[in-house]
Amino acid sequence: MKILGAIHDPVFVAKPQNATDRFFLKYIKDERDLPFVYLTIQITFTMILCGVLLYMPFVTGWLWWVIAFIYTALNNARFKGPFGLMMHCTSHRPLFKNEYKIWNKYQPWVVGPFFGQTPETYYSHHIGMHHAENNLTDDDSSTMAYQRDSLKDFLRYYFDFLFTGLAGLVSYLNWKNRRKLASRAFIGEMTFFAVCIGLSFVNFAATLIVFILPFVIARIIMMLGNWTQHSFIDAKDPGNPYKNSITCINVKYNHKCWNDGYHISHHERPAMHWTEHPVHFQKTLAKYAANKAVVFDGLDYGRIFLCLMQKRYDVLVKHLVNIDSTFKSDEEAIAFLKERTQRIGTPILQAHSRSEKNLRPATVNA
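Here goes a summary of the coordinates provided.

The rules behind these values
- Residues numbered from 1 in each chain as written.
- Predicted model: local features only at pLDDT ≥ 70, side-chain atom pairs only at ≥ 80, totals over all residues.
- Heavy atoms only, no water.
- Helix = DSSP H or I, 4+ residues; strand = E, 2+ residues; numbered from the N terminus.
- Rg over C-alpha atoms; globule rule 2.2 N^0.38 Å.
- Buried < 20%, exposed > 50% of the residue type's maximum accessible area, 1.4 Å probe, protein only.
- Contact = heavy atoms within 4.5 Å.
- Areas by Shrake-Rupley, 256 points an atom, 1.4 Å probe, with all protein chains shown as cover.
- Polar contact = N/O pair within 3.5 Å; in protein donor to acceptor, adjacent residues only side chain to side chain.

Let's talk about the overall build of the chain
In terms of regular secondary structure, the chain is built from 16 helices and two strands. In terms of overall dimensions, the chain is globule-like: its C-alpha atoms have a radius of gyration of 21 Å, near the 21 Å expected for 366 residues. Each principal axis of the C-alpha distribution contributes one length, and for the chain these read about 65 × 55 × 45 Å. Looking at the chain residue by residue over its 366 residues, the buried ones come to 52%. Of all intrachain contacts in the chain linking residues separated by at least 6 positions in sequence, the fraction that spans at least 24 positions is 72%. Accessible surface for the chain amounts to roughly 17,200 Å². Of this, 64% is attributable to carbon and sulfur atoms.

Describing the environment of T326
Structurally, the position occupied by T326 is in the loop between α14 (313-319) and α15 (330-340). Remark: the alpha-carbon pair of T326 and N291, spanning 35 residues in sequence, is separated by 9.7 Å. The contacts of T326, once residues within four sequence positions are left out, are A289, K292 and E332. Within the local environment of T326, its side chain forms a polar contact with the backbone oxygen of I323, the two atoms lying 2.5 Å apart.

Here we look at unusual backbone geometry
The phi angle at N135 is positive, at roughly 70 degrees, despite the residue not being glycine. Positionally, N135 belongs in the loop between α5 (121-133) and α6 (151-175). Even without being a glycine, K311 presents a positive backbone phi close to 55 degrees. Summarising the element assignment, K311 is placed in the loop between α13 (301-309) and α14. K311 sits in the partly exposed class, given a relative accessible area of 48%.

See below:
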């Protein structure tokens, strides 16, 4: 186990503003989000431009394949993580000021589809359902009913989401009387599929590279992320964010993806700005210790997922932060981690089952 040391994850540091910064600050809400503006511009004039070129009739032969390789590399190796988590941040805290709010549609409707993000579904799912239900059983992406160190269970979880995710989301939102969100999600996903079908008649190879493969990959990554973020759950208190989520500190991932490793504090305070999480974490260590929160130092979600699938608890425990000497030994900590990955069975599931939904008050339209 690790003793908590210095935190090296990014925080906001004010810098002198140039003319371009000052121009964009007229339109966006928060100076700390200037990197989102520049990232969006970079994606638009590099990756998206490559995607458009793949449909051009004058791009053929070896040149087409070179551009396809560049597009795929930019999409998956360079931009997918930063864009996905930028959209996550701007879903919680809109980027543009109210008088320019139409530009908040640019990410989900223009840029998102190139990463396999169907318009409006991310916001509807993440804000309208996942945070509202906090990974409990009414959350269709809940991990509670699965053995969370089992590859078989993860594949079941993924394919359930892939094939029934939209139906479950729309059903949930309609049940909660969030019909506007339900309509937005349905229209966004159907529009994406319709565009893919239409473009396939124009150039199927380009559509496969530009939209279809990113869609499949995005769904895998999103479900892998949610699975890992909610793998260690206390069956006695599954709605407690300190006991159903994890935190990853001192990882390159936090620098690339806007401190997404701080998932406990994100569920505790969803609107907190991404630059504030490291300081908030250090200020609230007593809560982490009191709740036996799972915090990993130097281990990101991808590596945690692999460790879970291989049942390498020996690796996990080496990176587990032993806050305030919560655990007396590695053996005790490993037993704790194993217990937290167990499938949560009928008593908890029945307490949150959908059979009780008609007993709960309806929520207002979103």
